[in-house]
Structures are given as C-alpha cells and as structure tokens.
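So you can see what is in the structure, the chains are spelled out below.
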Amino acid sequence: QVQLVESGGGLVQAGGSLRLSCAASGRTFSSAVMGWFRQAPGKEREFVAAIMWTVGISYYADSVKGRFTISSDNAKNTVYLQMNRLKPEDTAVYYCAPVKKGGSSWYNPLDEWGQGTLVTVSS
C-alpha cells in the first residue's frame, strides 16, 4: 500500500475556495481509483469525490457536484481536490484514500485512514 498524506485544509469564509492535496509516498498509487472522503463533527464519514487517475475520469457526490473538482498529477503522485463556493456544511476533516464502488456506495476498501486535513468554513 502507498502511504497518503493530506494537506491544504484551513479556515475560509463561505463562498471561498481551498485546494487539498494528497501526496503518495510511492512512485504510483496502489489503486486505480483514488478519492476523497470527509467527516463532519458528529456525522458519519461520507464520500466526496473520486478519480480514476489512469484515464482521468472523475465522480462526485451530489452535495459537491459543480463546486468541487478532483484531479491528479501522476508525475507528482498527487491527487487534488479543488473546492470552490464552499459552504458551512462542507466543514469536515477530509481524507484521501483509495476508492471502490459497491452497490450504491463509494468506500475505502482498506478502511484505513490517515490524519486527514481539516477544512472549516465560516458563515
């Protein structure tokens, strides 16, 4: 498995933007699909976005579609999440992880999580 480190979180006002980064320790990602999950205070961790980095196809949760953009720089072994038009409900710890789809849900097949990066959106 490739170790992943998230960064880029911070405090922003509603309507603002942030770009999160997920850096891999190895030369390549171990999964063909990488993505982002988030967990808001007192809420369940949820899927945010995923990218099939080998072909550049992306997927988004309905709650962020049109506002967030996931991308990857394969040469840098990095996945990004550009977050625009942020809302207070986007406040959460964001985690980078491999992603698979099962049934109607996207999930982390390893069920292992790093430290994440905190995004706080003020009203």
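Let me sum up the structure you'll find in this document. Computed from a prediction, not measured in an experiment: that's the story for all the values here. Residue numbering note: each chain is counted from 1, following its sequence as written. Under the rules for a predicted model, residues below a pLDDT of 70 receive no local features and side-chain atom pairs below 80 are neither given nor counted, while totals for whole chains, interfaces and linings still include all residues. As a rule here, side-chain values cover all heavy atoms of the structure and leave hydrogens and water aside.

1. Regarding the overall build of the chain
By the criteria applied, helices consist of DSSP H or I runs no shorter than four residues and strands consist of E runs no shorter than two, each listed in order from the N terminus. When you go through the chain residue by residue, the secondary structure sums to 0 helices and 12 strands. Its helices and strands in sequence order give the chain the pattern β-β-β-β-β-β-β-β-β-β-β-β, from N to C terminus. What the globule rule says is 2.2 Å times the number of residues to the power 0.38, and the radius of gyration is computed from C-alpha atoms. Over its C-alpha trace the chain gives a radius of gyration of 13 Å, about what one expects of a compact globule, namely 14 Å for 123 residues. For the C-alpha atoms alone, the extent of the chain along its principal axes is close to 40 × 30 × 25 Å.

2. Focus: the state of the cysteines
Every disulfide links exactly two cysteines, by a covalent bond between their sulfur atoms. Note on terminology: disulfide denotes any pair of cysteine sulfur atoms within 2.5 Å. One pass over the structure, following the stated rule, counts 1 disulfide. With a sulfur-sulfur separation of 2.0 Å, cysteine 22 is cross-linked through a disulfide to cysteine 96. Since a negative S-S torsion denotes a left-handed disulfide, the cysteine 22-cysteine 96 link at about -75° is left-handed. Of this pair, cysteine 22 sits in strand 3 (residues 18-24) while cysteine 96 sits in strand 9 (residues 92-98), placing them 74 residues apart in sequence. Throughout, exposure labels follow a simple rule: accessible area from a 1.4 Å probe, protein chains only, divided by the maximum for the residue type, with under 20% read as buried, over 50% as exposed, and the rest as partly exposed. Residue cysteine 22 is classed as buried on the basis of its relative accessible area of 0%. We classify cysteine 96 as buried; its relative accessible area is 4%.

So yeah, pure geometry; function would need other evidence.
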